[in-house]
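# Topology and contacts: notes
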Amino acid sequence: MTKVPTPKPWISAIHAYVPGKSTGADGRPLIKLSANENPLGTSPHALAARADVAEPCRYPDPDSKALRAAIGGLHGIDPARIVMGTGSDELLNLAAQGYAGPGDEVVYVRYGFSVYDIAARRCGATPVVAPDADYGTDVDALLALVSARTRVVFIANPNNPTGSFLPAGEIARLHAGLPADVLLVIDQAYGEYVAAADDDGALALAERHDNVLVTRTFSKIYGLAGERIGWGTGAAPIVDTLNRIRGPFNISSTGQAMALAAVADQAFVEQSREHNRAERARFVAALEAMGNHGLRPLPSQANFVLILFEGKLTAEAAYNGLAERGTITRWLPGQGLPQALRITIGTAAQMDDIVAGLRELAEAAK
Ligand SMILES: *Cc1c(COP(=O)(O)O)cnc(C)c1O
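The structure presented is a predicted model; accordingly, all values stated were derived computationally and were not measured.

What follows covers helix 9 (residues 236-245). Taken together, the buried positions of helix 9 are I238, V239, T241 and L242. What you see down the axis of helix 9 is that its buried residues fit within an arc of 160°, all on one side. Opposite its buried face, helix 9 presents the exposed residues P237 and R244, each directed more than 90 degrees away.

Turning next to the environment of T329. By the secondary structure assignment, T329 is in the loop between strand 11 (327-328) and strand 12 (330-332). By relative accessible area, T329 is classed as buried at 2%. Taking the C-alpha atoms as reference, T329 lies 34 Å from L183; in sequence the two are 146 residues apart. When sequence neighbours within four positions are dropped, the list of residues in contact with T329 reads L33, S34, Y319, L322, L341, R342, I343 and I354.

Quick look at the sheet that holds strand 12 now. Hydrogen bonds along the backbone pair up the strands of a sheet, which may run parallel or antiparallel. Taken together, the four strands give an open sheet; going across it, the order is 9-10-13-12, and neighbouring strands pair in antiparallel fashion. A strand with exactly one partner marks an edge of an open sheet, and here the two such strands are strand 9 (295-297) and strand 12. Strand-to-strand twist in this sheet, taken as the mean axis angle between neighbours without regard to direction, amounts to 30°. Here three bridges tie strand 9 to strand 10 (residues 304-309), and the two strands are oriented antiparallel to one another. If you follow L295 over to strand 10, its bridge partner there is F309. Along the sheet, helix 11 (residues 266-289) contacts strand 9, strand 10 and strand 13 (337-344); its crossing angle with strand 10, the most-contacted strand, is approximately 15°.

As a further point, take the packing of helix 3 (residues 65-75) against helix 10 (residues 253-264). Contact pair helix 3 / helix 10: the axes reach a minimum separation of 9 Å and the direction vectors enclose 20°. In terms of orientation, helix 3 and helix 10 fall into the roughly parallel class. Considering the relative orientation of helix 3 and helix 10, their crossing is left-handed. Residues A66, L67, A70, I71 and L74 of helix 3 touch helix 10, and the partners they reach there are Q256, A259, L260 and V263. Among the residues making up the contact of helix 3 with helix 10, the classes are represented as eight nonpolar, one polar and no charged.

So, about the site of the ligand. In the neighbourhood of the ligand, 13 residues make up the surrounding shell, with D187, Y190, T217, S219 and K220 lying closest. Between the ligand and the protein, one listed contact pairs an oxygen atom with a side-chain N or O atom of N160 at 2.7 Å. Separating a nitrogen atom of the ligand from a side-chain N or O atom of D187 is a distance of 2.6 Å. Bound to the protein, the ligand loses 93% of the 390 Å² it would expose on its own. Element by element, the count of residues in the shell around the ligand is highest for helix 4 (residues 87-99), at three residues.

Two quantities define a packed helix pair, namely the angle between the helix axes and the distance between the axes. One way to put it is that helix 12 (residues 315-324) packs onto helix 13 (residues 348-365) with a least axis distance of 10 Å and a crossing angle of 125°. The angle between helix 12 and helix 13 places the two elements in the oblique class. Pair helix 12 / helix 13 crosses with right-handed handedness. Residues A318, G321 and L322 of helix 12 form the contact with helix 13, whose participating residues are I354, G357, L358 and L361. Considering only residue class, the contact of helix 12 with helix 13 consists of five nonpolar, two polar and no charged.

Under the domain assignment, the protein chain is made up of domain 1 (9-41 + 267-364) and domain 2 (47-265). Computed over C-alpha atoms only, the centres of domain 1 and domain 2 are separated by 25 Å. Taken over both partners, the interface formed by domain 1 and domain 2 buries close to 2,700 Å², and the fraction arising from carbon and sulfur atoms is 59%. Broken down residue by residue, the surface that domain 1 buries against domain 2 is led by W10, Y17 and Q301, which jointly contribute 23%.

What counts as what
- Residues numbered from 1 in each chain as written.
- Predicted model: local features only at pLDDT ≥ 70, side-chain atom pairs only at ≥ 80, totals over all residues.
- Heavy atoms only, no water.
- Buried < 20%, exposed > 50% of the residue type's maximum accessible area, 1.4 Å probe, protein only.
- Helix = DSSP H or I, 4+ residues; strand = E, 2+ residues; numbered from the N terminus.
- Arc of directions from axis to C-beta.
- Contact = heavy atoms within 4.5 Å.
- Pairing = 2+ DSSP bridges.
- Axes fitted to C-alpha atoms, helices over the stretch in contact; angles between N-to-C directions.
- Parallel < 35°, antiparallel > 145°, perpendicular 65-115°, else oblique.
- Left-handed = near helix turned anticlockwise from the far one by under 90°.
- Nonpolar A, V, L, I, M, F, W, Y, C, P; charged D, E, K, R; others polar.
- Near = heavy atom within 4 Å.
- Polar contact = N/O pair within 3.5 Å; in protein donor to acceptor, adjacent residues only side chain to side chain.
- Areas by Shrake-Rupley, 256 points an atom, 1.4 Å probe, with all protein chains shown as cover.
- Domains from an automatic or database assignment.
- Buried area = accessible area lost by both parts, 1.4 Å probe.

This is the structure in structure tokens:
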């Protein structure tokens, strides 16, 4: 028998991340409301900065110094306590790798972000999944599963794919219930979509405690998903750990320049937040006005809405029907949600189209 290299069993157990699609079954491009991208695009200042990057033959700044200073200035964080990642995805994986390994446990909630499962398995740790509370995060259920083997707890706030949100009191209660040697990772990929008055207090926790890492991204409200830029903040030893194992030049020159310009353009961020708030409210109201077709939009603080299909029209039929009409959404049977569609908030016209499409499909299924 010929021998072949054998992957580690915990690597073989990983289900690769399934990204949102952008083309239909026949390959034609569709309006993409499947990946929570910004429908307003990217700040024009960031786009202009892309052209300024000189000398692609040079390595980028390995420490993204100017960018960390700008992020620190915006959020009132010492730049020494900021670590950059190739997307926040890199940081989520590094957090698991830095603090957990074979025999250790990584805890997150059912219907949490799918990367947590991959991050736990990649480093050989055992994923432990807490039950949800009507699709939301249940702090008591999470805490009940924390054991002597628990090394890392992941929570996204707002959560993807549910859109659910834990207020500051619940986040504080979760943190207070954890042993001091368990790392709490609070993933705020959608943090900028939350109104300032509803701040969940995660950044303040990361500033005050030795066991909290908060991650953020330029992929969502900043409209820079293609550049792969994320950042995290926590106590100095946590930042030091992640810096040891991150890619040495993990943010490209172009990415650093564009993100720097994007941070400076908070007017674009505000405009994106307001667009999202207004269109999300209009979308949910239209769904609720559709009457008794069994479509249940879950309350969302993010730039998408998860709709449960509890009537005659199934999520799968709605997914296929909307795709036939030219829009791709996210159907999530692989995440245990065959009854749900996640729909990104797009432009006003795109949302009108979706509502019209869903109404037609629901009437036809009656
Ligand atoms: C989109 C998303 C991310 C961001 O991933 P990037 O690697 O920064 O593009 C992180 N966490 C959650 C929950 C997300 O939905």
